[in-house]
Structure formats: C-alpha cells, structure tokens
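# Residue-level structural notes
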Amino acid sequence: MGQNLYIQVNSQDNVAITVNSILAGTVIMEGTAANADIPQGHKIALNDILEGEAIVRYGVPLGYALKAIQKGDWIDEHMLSLPTPPELDEMEFATHLVTELPQPPVSTFEGFPSPHGGYAGTRNILGIVTTVQCVTGMLNNAVKRIKEELLPKYPHVDDIVAINHAYGCGVAIQSPDAIIPIRMLSNVVRNPNFGGEVMVVSLGCEKLTLDMLLDQDMITSDYVVTLQNLKGHDAIMEAIMDMAEKKLRKLNQRRRVSLPLSELCIGLQCGGSDAFSGVTANPAAGYAADMLVRAGATVMFSEVTEVRDGVHFIGQRCINDEVGRKLAAEMKWYDRYLAEGQVDRSANPTPGNKKGGLSNIVEKAMGSIAKSGTSPIVEVLSPGERPSRKGLIFAATPASDFVCGSSQLSSGITLQVFMTGRGTPYGMAMAPVIKVSSRNDLKDMWEDLIDVSAGPIATGEASIEEVGTTLFHEIVDVASGRKECCAEKYKLHNDFTLFNPAPIT
C-alpha cells in the first residue's frame with residue numbers, strides 16, 4: 001500500500017493509525033517503534049500516556065487511558081474509557097460558516113424533470129407502495145408478472161419496485177412516535193425517481209388508512225388497488241396489472257434532459273466503517289459534497305449516534321439558531337430513545353468496526369462527520385421528513401444502514417454515496433448506491449463491488465481533493481445514467497426498512 005507507515009490526523013494527536021499491519025520493532029518514525037505486532041488501521045501510541053490521560057485522535061479525546069500506556073504500544077478498544085458526550089444545551093450555532101467552497105468542474109447533469117416541480121429523478125421507476133404487510137405476497141407475485149409481461153413493452157422505464165414493509169397493522173397507530181413510519185411511507189410515495197405516478201396497494205381493513213398516506217383527491221381507483229374490494233386472486237392480479245400498465249405507459253414518456261445540479265438531491269452514508277474511513281473515504285465524499293453544494297445541489301448526511309459525539313462541530317455550522325435548536329432537539333430525542341432501551345450511544349460500534357481499528361463511538365463519530373465536508377448546514381430533518389431548502393442538510397436517522405437509507409429515500413434522495421472500510425453489498429432498489437472503499441485492499445478484494453477507492457489517500461498516492469473530484473464525476477455520471485454502479489449492476493437491493501419506535505400491539 002505504498003511507503004506511508006502511519007497516519008496522524010492532527011498535530012495534537014498522541015496516537016496514529018498504521019497504514020499496513022506492522023511487526024513488533026518496526027520504526028514508524030524517528031524515536032517511535034512498535035512494541036507489539038499492530039494490525040492495519042489500529043492505533044499506536046506516539047508518546048507515553050498516563051493512566052487517566054486523554055487518548056487523542058482528530059485533535060479530540062477519544063477516551064481516557066484505563067492504565068499507563070508506553071510509546072509504541074498498540075491501543076485497542078479495551079484500553080480506554082468513554083468520555084462524556086457533548087452538552088446539547090451549551091452548543092454554539094453559526095460560529096463556523098465556510099462560504100469558500102471548491103469549484104465544481106460541471107454544473108449540470110442529465111435527469112428526469114419532476115412533473116410537479118422539485119428535485120429531478122436519476123432513474124425512471126414504477127414504485128408500488130403497500131399500506132400493510134398483509135399484501136406483500138400478492139404484490140410480489142404481481143410484480144414478477146409485470147416485469148415479465150409488461151416491462152419489456154416500455155423500454156424507457158428502468159424497473160418496477162414493490163415497497164413492502166413490516167407495518168400497517170398490529171401497531172399502535174395513534175402513538176406519538178407512529179408519526180415516523182407514517183411520514184416515511186407518505187413521503188416515499190413521492191420520491192422523484194417515481195415520476196409522480198403514485199401507485200398504492202392496500203388490503204382494506206388495516207390501521208394505516210389511505211388518508212394517512214395520500215391527499216384526499218388521490219384516494220381513487222386511479223391510484224389505489226384495495227384487495228378486499230376485489231373478487232379473488234385473479235381479479236386482484238388483473239387490477240394490479242391494469243393499473244401498473246397505465247402508470248408504465250405514462251412513465252415511458254419520460255426522457256432525460258440537461259438540468260442544473262440544483263435539481264439533484266443525494267444522500268451520504270457510511271457503513272462497515274474502519275479507522276481509515278475518517279481520513280480517506282469520508283473526507284473525499286465531503287469534498288465532493290462541497291462541490292455539489294456550491295453548484296446548488298442538496299446533499300443529506302445522517303446517523304444520529306455517529307454525529308452525537310461531534311455534534312458541537314455540527315452545531316457551529318448550522319446557519320442560524322433555528323436550525324441549531326432543531327439539531328439539539330433531534331439529539332435529545334434520540335438520547336431519550338436509547339435510554340428507554342437501557343443503552344447509550346456506545347451500543348453503536350460493531351465487531352467489524354473494532355476489528356478495523358475503531359475503538360469506540362467517539363472515534364467512529366469523528367470520522368463519520370468528515371463526510372459532511374465543510375458547507376454550512378441549512379436545515380435539519382426529522383426521520384423521513386422532506387426538505388424545504390437546498391444545500392447541506394442533516395437528516396436525523398438511526399445509524400442502521402437499512403433504516404438510514406430508507407429514511408433518506410423518504411426525504412427525497414435519488415442517489416446515495418456509501419462509504420465503507422470493511423465492505424458490504426448493501427444497495428437500494430429505488431436509487432443507485434455508489435460504493436467508496438476506504439482502503440485499496442478492499443477494492444482489490446471486491447473489485448467488482450466497489451466503485452471508487454479512496455485508498456490512495458492513505459498511501460500518499462492521491463489527495464483528498466483528487467479522490468473527491470473523481471467521486472464528484474462518478475456521482476454526476478451515475479445520476480445522468482451514463483454509468484451503472486456496481487450495486488445496481490448486480491441488483492443488490494436491501495429491504496425498505498421503516499424506523500418504528502412506536503409500540504407493536
């Protein structure tokens with residue numbers, strides 16, 4: 001992986017991460033040699049650290065040493081205690097607003113204009129939303145037939161997607177927290193990739209009634225198929241296929257046109273992160289995000305537990321107190337949500353994160369927020385909420401890849417960029433997902449599953465700006481339909497997953 005042996009992010013850091021696995025005795029810099037074999041991406045102490053002293057990376061304390069550490073020691077997750085999270089009521093807002101953003105190399109893309117205004121589509125898809133899990137089997141059978149019998153007649157339609165979910169009945173529909181899954185379903189119907197051709201399949205007796213999802217003038221046979229109103233299997237199939245063909249006929253008339261990037265809305269997410277994510281893949285994505293924002297695009301980043309320990313840095317970038325207070329409110333809601341489950345934000349890191357060198361959620365969070373770049377944050381969204389402004393947006397979601405991705409789809413993204421250090425075949429049926437690896441090793445291992453490698457940043461072969469610019473072009477090309485990302489090529493689609501904190505009855 002090149003000549004670099006270590007990466008020290010900040011001059012104040014008393015630890016660095018290893019670019020490759022190194023053997024005991026390896027001198028990584030003058031005066032510092034490894035006291036033990038250290039795995040790739042794990043931390044090495046750059047000086048002696050006393051018991052109780054802060055272990056610093058990214059210029060912030062990751063935690064406090066549980067015992068004395070010698071220079072050259074391998075530091076893993078068992079050697080530090082978790083610090084107190086930042087106080088939400090003491091955050092400062094709008095104190096660090098960067099207005100000098102990198103110039104984007106292009107300002108347009110080829111997209112599908114929205115018939116009702118708003119963001120453009122990057123794909124042309126017939127999306128069929130269900131009101132309740134009971135109809136899943138019937139809809140899946142219908143979609144199989146639609147793809148085989150109808151879709152070939154409409155070459156300008158990219159796909160048919162059944163938006164199934166484990167919701168709709170057997171749930172506390174009047175619970176205050178039920179607003180979250182209901183909002184997600186109501187808004188995903190309107191995703192720009194569906195071209196305004198709303199199609200809903202309902203059962204007829206479920207708690208999630210049609211008026212919770214659709215405007216009153218849309219609760220008609222032009223938009224809804226209700227199974228309990230139809231006489232048996234064949235009649236149901238015929239009704240779904242008849243409506244689908246009418247929608248396909250309209251969608252087939254859509255064509256890509258040259259549009260300003262201000263009509264593009266994308267999401268950023270990281271999963272299977274490692275210690276390189278915060279210094280290669282995520283900063284490169286942040287640089288690309290800054291260029292998109294300068295061009296007028298909307299970029300969402302998310303994952304509450306993965307910004308919570310760096311939320312004060314996020315708050316400084318909120319454009320005003322109103323946006324900042326919404327950020328604090330979302331953090332407080334999630335703090336309470338975790339507390340009710342008798343856990344805290346330390347429940348986030350996975351075994352894979354730790355194997356990749358991330359000791360705790362603080363280290364993971366500091367790397368995670370790097371994907372947001374430097375742009376001012378113009379809005380904060382609750383899960384599944386639709387944006388009202390263009391620019392960089394924090395969309396509050398769980399860190400779960402599947403729930404985060406589904407929430408961002410409900411908020412209107414039409415493409416997602418997904419950074420990973422460990423590797424994941426995650427994908428979404430409703431929008432293309434560009435995969436960015438944090439290490440060259442992962443790209444070498446999964447050459448046909450990773451679209452862009454940010455590994456050359458770690459080895460010193462490329463800069464954040466260079467990889468970020470490459471990623472920017474990849475985003476524009478995939479959004480324009482000129483390129484197909486790996487997850488799209490192999491049809492790697494995870495389930496649409498609602499965030500439902502309300503009780504199940």
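Position labels on residues start from 1 in each chain and follow its written sequence. Restriction of local features to residues with pLDDT of at least 70 applies here, the model being predicted, together with a cutoff of 80 or more for giving and counting side-chain atom pairs; totals for whole chains, interfaces and linings are based on all residues. Excluding hydrogens and water, the side-chain values take into account all heavy atoms of the structure.

## Examining empty space enclosed by the protein
Cavity and pocket criteria rest on a 1 Å grid covering protein atoms alone: a 1.4 Å probe that fits but cannot get out defines a cavity, protein on both sides within 12 Å along at least 5 of 7 lines defines an open pocket, and an atom within 4 Å of a point defines a lining residue. Grid points are joined across faces, edges and corners, and a volume is the space filled by probe spheres set on the points. Taken as a whole and judged by the stated rule, the model has two cavities of 30 Å³ or more. If you add up the space inside the largest cavity, you get close to 60 Å³. Together, 13 residues line the largest cavity, and Ser273, Ser277, Lys364, Gly367 and Ser368 are the ones closest to its centre. Ranked by the residues each element gives to the lining of the largest cavity, the list is headed by helix α8 (residues 361–368), at four residues. Partitioned by chemical class, the residues of the lining of the largest cavity number three nonpolar, six polar and four charged. The computed volume of the second largest cavity comes to approximately 30 Å³. Residue classes in the lining of the second largest cavity are distributed as three nonpolar, one polar and three charged. By the criteria applied, helices consist of DSSP H or I runs no shorter than four residues and strands consist of E runs no shorter than two, each listed in order from the N terminus. Polar here means any residue other than Ala, Val, Leu, Ile, Met, Phe, Trp, Tyr, Cys and Pro, which are nonpolar, and Asp, Glu, Lys and Arg, which are charged; Gly is therefore polar.

## Thoughts on the sheet that holds strand β12 (residues 159–163)
Read from one edge to the other, the open sheet built from four strands follows the order β12-β11-β13-β14, with strand pairing classed as parallel. Of all strands in the sheet, those bounded by a partner on one side alone are β12 and β14 (224–226). Looking at each pair of strands side by side, their axes are set apart by 20° on average, direction ignored. What makes two strands pair is DSSP finding at least two bridges between them. Taken together, the five bridges between strand β11 (residues 125–130) and β12 define a ladder with parallel strand orientation. The residue of β12 that forms the bridge with Val129 is Ile163. Only C-alpha atoms enter the line fits that serve as axes; for helices the fit covers just the stretch in contact. Angles between N-to-C directions range over 0 to 180 degrees.

## Remarks on the side chain of Lys435
Locating Lys435 in the fold gives a position in strand β21 (residues 433–437). Each residue gets one of three labels from its accessible area relative to the maximum for its type: buried under 20%, exposed over 50%, partly exposed in between, using a 1.4 Å probe on protein chains only. In this tally Asp and Glu are treated as negative and Lys and Arg as positive; neither His nor the chain ends contributes. Any Lys or Arg side-chain nitrogen located within 4 Å of an Asp or Glu carboxyl oxygen qualifies as a salt bridge. Although Lys435 is buried, it makes no salt bridge; Asp451 carries the closest opposite charge, 6.6 Å away. Any pair of nitrogen or oxygen atoms within 3.5 Å is treated as a polar contact; in protein, a donor-acceptor pairing is required on top of that, and neighbouring residues in sequence qualify only through side-chain atoms on both sides. Looking at Lys435, its side chain comes within polar contact range of the main-chain oxygen of Thr424, at 2.9 Å. Of note is the side chain of Lys435, whose polar atom sits 2.7 Å from the backbone oxygen of Tyr426. Only heavy atoms matter for contacts: two residues are in contact if any of them lie within 4.5 Å across the pair. In this structure Lys435 touches Phe418, Thr424, Pro425, Tyr426, Leu449, Ile450, Asp451 and Val452, once residues within four positions along its chain are discounted.

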